[in-house]
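Geometric and topological summary
What follows is the residue order along each chain.
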Amino acid sequence: MAAMPQISVADQAKLQLMQEMEIEMMSDLYNRMTNACHKKCIPPRYGESELGKGEMVCIDRCVAKYLDIHEKIGKKLTAMSMQDEELIKKMSS
């Protein structure tokens, strides 16, 4: 059984910071999505204690669109970041 490589204290701190930032970003995404979809799909005055079918469908679609766009933007930003790294490597060579 192979030994696990040891991670330096500095790398552990970086990893911890990255994990905290990821949690913060996902929490922000969830809060923004919740607020946007609630505002779009649920009227300010509640007529019933339960969501109606139209409200549920609206929320399902809103959340799906929000997450789809989030994924597309993430992929685009990753691609742009990789292109920037390649350009920097070419320029420094």
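Each value, and the rule that gives it
- Residues numbered from 1 in each chain as written.
- Predicted model: local features only at pLDDT ≥ 70, side-chain atom pairs only at ≥ 80, totals over all residues.
- Heavy atoms only, no water.
- Helix = DSSP H or I, 4+ residues; strand = E, 2+ residues; numbered from the N terminus.
- Buried < 20%, exposed > 50% of the residue type's maximum accessible area, 1.4 Å probe, protein only.
- Salt bridge = Lys/Arg side-chain N within 4 Å of Asp/Glu carboxyl O.
- Core = buried A, V, L, I, M, F, W, Y, C linked by side-chain atoms within 4.5 Å.
- Contact = heavy atoms within 4.5 Å.
- UniProt positions renumbered as here; feature names shortened; annotations may be inferred.
- Disulfide = S-S within 2.5 Å.

1. Quick notes on the environment of Ile7
Topologically, Ile7 is positioned in the segment before α1 (9–41). Taking relative accessible area as the criterion, Ile7 reaches 45% and is therefore assigned partly exposed. With 64 residues separating them in the primary sequence, Ile7 and Glu71 have C-alpha atoms 30 Å apart.

2. Some remarks on the pattern of salt bridges
Under the definition given, this model contains three salt bridges. A salt bridge links Asp28 to Arg32, with the shortest nitrogen-to-oxygen separation between them at 2.9 Å. Taken together, the positions of Asp28 and Arg32, both in helix α1 and four residues apart, correspond to about one turn of that helix. For Asp28, a relative accessible area of 36% puts it in the partly exposed group. You can call Arg32 exposed: its relative accessible area is 53%.

3. Focus on the nonpolar core
Met33, Cys37, Cys41, Ile42 and Cys62 together form the largest nonpolar core, which totals five residues. Element by element, the count of residues in this core is highest for α1, at three residues. Ignoring anything within four residues of it in the chain, the contact list for Cys62 reads Cys37, Lys40 and Cys41.

4. Quick notes on the UniProt feature "domain: Tim10-like" (unreviewed entry) in the protein
Within this structure's numbering, the places UniProt gives as "domain: Tim10-like" (unreviewed entry) are residues 16–78. For residues 16–78, the end-to-end C-alpha separation is 21 Å, with 83% helix and 0% strand making up the annotated structure.

5. Side note on the state of the cysteines
This structure, assessed with the given rule, holds two disulfides. Residue pairing for Cys37: its cysteine sulfur links by disulfide to Cys62, the two sulfurs lying 2.0 Å apart. Around the S-S axis, the bridge from Cys37 to Cys62 shows a dihedral of about -85° and counts as left-handed. Of this pair, Cys37 sits in helix α1 while Cys62 is found in helix α2 (residues 53–92), placing the two residues 25 residues apart along the sequence.

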